[in-house]
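Structural characterization, general
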Amino acid sequence: MSLLSSYVDKTVSVVTNDGRILIGTLKGFDQSCNLVLEGTVERVFGGQVAMQEVAVGLYVLRGDDIAILGELDAEKESETDFQQIKAPPLRPVVH
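A short tour of the structure in this document, coming up. A quick note: this is a predicted structure, and the numbers were derived from the prediction, not measured.

If you tally the helices and strands in the protein, you get one helix and five strands. When its helices and strands are written in sequence order, the protein yields β-β-β-β-β-α. The C-alpha radius of gyration computed for the protein amounts to 14 Å, which stays within 12% of the reference 12 Å derived for 95 residues, consistent with globular compactness. Seen along its three principal axes, the alpha-carbon backbone of the protein occupies a region of about 40 × 35 × 20 Å. Out of the 95 residues belonging to the protein, those deemed buried represent 29%. Relative to all contacts within the protein whose residues are 6 or more apart in sequence, the contacts with residues 24 or more apart total 50%. Of the roughly 6200 Å² that the protein leaves accessible, carbon and sulfur atoms contribute 54%.

Written out as structure tokens, the structure is:
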């Protein structure tokens, strides 16, 4: 059994190798860790402007593009005012 199976039908946060941050419900995965996320939004940080969320809907993500995946803590998510957060975008992962 894969470690990812415990995350199916839960809201997860994925950081990609190119620095994107995606939030969505994990609907499925395969042996290559390719993911299917439903109701996905991308969190976009831009330095001096507040964080923005861009709705992207159903999203298929290649396993090779994933840097970090984790379950989203709904309580902490609701306590955080993301409109007040200003940060530079993440830099891409270099292998």
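With respect to the element layout, glutamine 83 can be found in the segment after helix H1 (74-79). On a C-alpha basis, the gap between glutamine 83 and methionine 51 in space is 5.7 Å, while along the polypeptide they are 32 residues apart. When sequence neighbours within four positions are dropped, the list of residues in contact with glutamine 83 reads Ala50 and Met51.

The subject of this paragraph is the pairing of strand S1 (residues 11-16). Of all six residues making up S1, five are buried, and the element is well covered by its neighbours. Where S1 and strand S2 (residues 21-29) come together, five bridges link them in antiparallel fashion. Its bridge partner lying in S2, threonine 11 is registered against threonine 25. Remark: four residues form the turn of the hairpin made by S1 and S2, two consecutive strands paired antiparallel; glycine 19 in that turn has positive phi of roughly 95 degrees.

A word on unusual backbone geometry. Generally, phi is negative for residues other than glycine and the peptide bonds are trans, each holding for most cases. The phi dihedral of aspartate 9 falls on the positive side, at around 70 degrees, and the residue is not glycine. Judged by its relative accessible area of 51%, aspartate 9 falls in the exposed class. You will see that cysteine 33, though not glycine, has its phi angle at about 65 degrees, which is positive. Relative to the helices and strands, cysteine 33 is located in the loop between S2 and strand S3 (35-44). Judged by its relative accessible area of 37%, cysteine 33 is partly exposed.

Parameters and conventions
Residues numbered from 1 in each chain as written. Predicted model: local features only at pLDDT ≥ 70, side-chain atom pairs only at ≥ 80, totals over all residues. Heavy atoms only, no water. Helix = DSSP H or I, 4+ residues; strand = E, 2+ residues; numbered from the N terminus. Rg over C-alpha atoms; globule rule 2.2 N^0.38 Å. Buried < 20%, exposed > 50% of the residue type's maximum accessible area, 1.4 Å probe, protein only. Contact = heavy atoms within 4.5 Å. Areas by Shrake-Rupley, 256 points an atom, 1.4 Å probe, with all protein chains shown as cover. Pairing = 2+ DSSP bridges.

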